[in-house]
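Now for the letters of each chain:
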Amino acid sequence: MQPATWNNLPEELQLLLSREALRRAAETLAEHADLLAEEMDRGTLSDRGGPDALRLFAAVVRATNSDAFGPVGHA
């Protein structure tokens, strides 16, 4: 039996895995933006007007992500 490679996977599974990877990447970006905003709020990082912008960015990433990719398993 051949080991599974990307090209050997069915197209539907490739699509599902790609969407999940994009969803996770978007959530990671949003979480990091939230973390940076919290650090700025606490004064740990220099605040140059960033916390509100970072929260807005996080909200946009999450909203765009859910609209663009839909729930996992519905490729």
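Attention here is on the structure that accompanies the text. Just so it is clear, the structure is predicted and the values come from calculations on it, not from any experiment.

Here the focus is the overall build of the chain. Secondary structure summary: the chain contains 2 helices and 0 strands in total. Per-residue burial over the chain gives 17% buried out of 75 residues. The contacts in the chain between residues at least 6 apart in sequence include a share of 53% that link residues at least 24 apart.

Take the pattern of salt bridges next. Taken as a whole and assessed by the stated rule, the structure comprises 4 salt bridges. Ionic pairing is found between Arg24 and Glu20, a salt bridge with its closest N-O pair at 2.7 Å. A residue pair is termed a helical-turn pair when its members lie 3 or 4 positions apart in one helix, as Arg24 and Glu20 do in helix H1 (residues 11-42) at 4 residues. In this structure Arg24 comes out as exposed when scored by relative accessible area, which is 53%. Close ionic contact of Arg42 with Glu38 constitutes a salt bridge, the shortest N to O distance being 3.5 Å. Taken together, the residues Arg42 and Glu38, both in helix H1 and 4 residues apart, mark about one turn of the helix. Note on Arg42: relative accessible area 55%, which makes it exposed.

Before going further, it helps to spend a moment on the side chain of Gln14. Inspection of the secondary structure puts Gln14 in helix H1. Residues in contact with Gln14, not counting those within four places in the same chain, are Trp6, Asn7 and Leu9.

A word on a nonpolar patch on the surface. A contiguous nonpolar surface patch, about 260 Å² in accessible area, is contributed by Trp6, Leu13 and Leu17. In this fold, Leu17 is placed in helix H1.

The biggest cluster of nonpolar side chains holds 8 residues, and these are Ala26, Ala30, Ala33, Ala37, Met40, Leu54, Ala58 and Val61. Mapped onto this core, the elements with two or more residues apiece are H1 and helix H2 (50-69). A per-element tally of this core places H1 first, with 5 residues. With sequence-adjacent residues up to four places away left out, Ala33 is seen in contact with Leu54, Phe57 and Ala58.

What counts and what doesn't
Residues numbered from 1 in each chain as written. Predicted model: local features only at pLDDT ≥ 70, side-chain atom pairs only at ≥ 80, totals over all residues. Heavy atoms only, no water. Helix = DSSP H or I, 4+ residues; strand = E, 2+ residues; numbered from the N terminus. Buried < 20%, exposed > 50% of the residue type's maximum accessible area, 1.4 Å probe, protein only. Contact = heavy atoms within 4.5 Å. Salt bridge = Lys/Arg side-chain N within 4 Å of Asp/Glu carboxyl O. Patch = residues over 30% accessible without salt bridge, like charges linked within 9 Å, V, L, I, M, F, W, Y side chains within 5 Å. Areas by Shrake-Rupley, 256 points an atom, 1.4 Å probe, with all protein chains shown as cover. Core = buried A, V, L, I, M, F, W, Y, C linked by side-chain atoms within 4.5 Å.

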